[in-house]
Amino acid sequence: MPTAPPPASICLLRTSALGDVTHVLPLIHTLRAGFPLARLTWIVGKLEHKLVGDLPDVEFVVFDKSMGLDGMRNVRLALEGRHFDVLLHMQVALRANVLSLGVHARRRVGYDHARAKDLHGLTINERIPARTGEHVLDAIGSFCEPLGLKQTTVRWDLPIPVEAVAWAVDQLPDDAPWLLINAVSSHSVRNWSAAGYAAVADHAQQALGWRVALTGGPSKSERQLGDAIRARMHGTPVDLIGRDTLKRALALYRRAAAVLSPDAGPMHMANAVGTPVIGLHAASNPARSGPYSDRRWCVDRYAAAAHKFMGRAVEDLPWGTKIERPGVMDLIHIDDVIERLEALDQARRHGLLRC
């Protein structure tokens with residue numbers, strides 16, 4: 001039986017968010033290895049483009065969701081008259097499903113029935129294998145399977161400009177181990193307390209001899225929580241909130257010994273550059289959305305949250321259920337986080353982690 005020719009053009013649609021966009025990177029490398037002559041076009045969000053837009057050998061079409069229908073119209077105009085062999089439609093939100101209608105492709109690969117929603121099934125004609133219990137990165141990686149490939153290697157290779165590296169060295173100037181605290185998630189109920197972060201930061205400085213820096217974007221919520229952490233600390237952290245760019249943040253994370261973060265984009269950015277992450281999980285399941293490479297350092301109170309807020313065991317919840325309830329992060333205690341930090345510090349001291 002004749003073998004189907006490899007696709008000459010592949011359009012990827014994943015516009016957001018920062019963490020999920022980092023999960024697309026291994027798929028890009030898998031596609032490039034399997035189809036070296038294929039033209040890859042990625043429809044990506046405006047903010048997310050600042051993170052991945054310098055990836056080599058990929059054409060980007062930027063979607064600015066703040067423009068509403070005009071943003072969708074701009075994507076449609078950018079793709080006018082173009083036809084792709086394959087669309088990999090990796091986002092199920094209604095806005096993304098409408099956006100996908102501007103992509104002309106013979107094969108339109110989307111999610112299986114269980115993971116599809118918001119009329120996703122009406123915009124595709126093929127589906128990825130139906131599985132449960134997968135990390136988000138593995139689910140995204142499975143989009144190559146209908147094309148005859150298998151993602152067996154996870155590789156990020158996200159470019160970091162020389163300028164960003166030099167800036168990070170200036171901010172974190174010595175060889176002491178650095179703990180970087182990214183305190184804010186875009187979902188506010190995933191945020192831990194200022195008192196908790198301050199206590200862990202003080203322990204890192206006073207008991208372990210680490211240095212501490214606060215990182216984050218320029219938003220009001222990040223500034224407010226950063227100020228609250230500083231006010232409760234006995235020591236003084238380096239305050240970098242609102243001073244970096246996404247590329248500079250990558251350089252900072254790569255220079256750190258560890259990053260402390262709730263389930264948020266910076267968690268996955270730090271993981272992508274090989275830095276251990278102390279992830280704080282109660283509202284979300286770290287097996288699905290925690291740092292992909294190594295979840296040993298995560299504080300996992302998802303099962304406790306399922307019991308308290310839903311009266312159910314984790315195994316009885318649909319995979320991917322989020323428990324974003326007020327107070328859910330209070331299930332994470334300061335001692336829980338300090339214990340993981342100390343375990344990570346011991347591994348680092350025995351040469352099992354890079355500094």
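Throughout this document, residue positions are counted from 1 along each chain, in the order its sequence is written. pLDDT decides what is reported in this predicted model: residues at 70 or higher carry local features, side-chain atom pairs at 80 or more are listed and counted, and totals for whole chains, interfaces and linings draw on all residues regardless. To get the side-chain values, all heavy atoms of the structure are used, and hydrogens and water are removed first.

Q: Can you explain the sheet that holds strand β9 (residues 238-239)? Please cite residues and give values.
A: The strands making up a sheet associate through backbone hydrogen bonding, with each pair oriented either parallel or antiparallel. Taken together, 6 strands build an open sheet; the order of strands is β9-β8-β7-β10-β11-β12 and the sheet is parallel. Edge positions in the open sheet fall to β9 and β12 (299-300), since each of these has one partner strand only. In this structure, strand β7 (residues 178-182) lies alongside strand β8 (residues 211-215), joined through 5 bridges in parallel fashion. Residue pairing for β8: Leu 180 is matched across the bridge by Ala 213. Here, two residues are considered to be in contact whenever any of their heavy atoms come within 4.5 Å of each other. Between N-to-C directions, angles span 0 to 180 degrees; the directions come from axes that are lines fitted to C-alpha atoms, helices contributing only their stretch in contact. Where helices and strands are cited, they refer to DSSP runs of H or I of at least four residues and of E of at least two residues respectively, numbered from the N terminus. The strands that helix α7 (residues 194-206) touches are β7, β8, β10 (258-262) and β11 (277-281); relative to β7, the one it contacts most, it runs at about 170°. Strand pairing is defined by DSSP finding a minimum of two bridges between the two strands.

Q: I'd like a description of the nonpolar core, backed by residues and values.
A: Ranked by internal contacts, the top residues of the largest apolar core, which has 58 residues, are Ile 10, Leu 12, Leu 31, Trp 42 and Leu 88. Not counting residues up to four positions away in its chain, the partners in contact with Leu 12 are Val 24, Leu 27, Ile 28, Leu 31, Leu 40, Thr 41, Trp 42, Ile 43, Leu 88 and Met 90. We call a set of buried Ala, Val, Leu, Ile, Met, Phe, Trp, Tyr and Cys residues a nonpolar core when their side-chain atoms join them within 4.5 Å. Each residue gets one of three labels from its accessible area relative to the maximum for its type: buried under 20%, exposed over 50%, partly exposed in between, using a 1.4 Å probe on protein chains only. Ile 181, Val 212, Ile 229 and Ala 305 belong to the second largest nonpolar core, which has 44 residues in total.

Q: Please set out the packing of helix α1 (residues 18-34) against helix α10 (residues 265-272) residue by residue, giving values where relevant.
A: One way to put it is that α1 packs onto α10 with a least axis distance of 7 Å and a crossing angle of 30°. Considering their axes alone, α1 and α10 lie roughly parallel with respect to each other. Listed contacts from α10 to Leu 18, Gly 19, Thr 22 and His 23 of α1 are Gly 265, His 268 and Met 269. Tallied by class, residues from the contact of α1 with α10 come to 2 nonpolar, 5 polar and no charged. In these notes the angle categories are as follows: under 35 degrees is roughly parallel, over 145 is roughly antiparallel, 65 to 115 is roughly perpendicular, and the rest is oblique. Amino acids outside the nonpolar list (Ala, Val, Leu, Ile, Met, Phe, Trp, Tyr, Cys, Pro) and the charged list (Asp, Glu, Lys, Arg) are all regarded as polar, and Gly is one of them.

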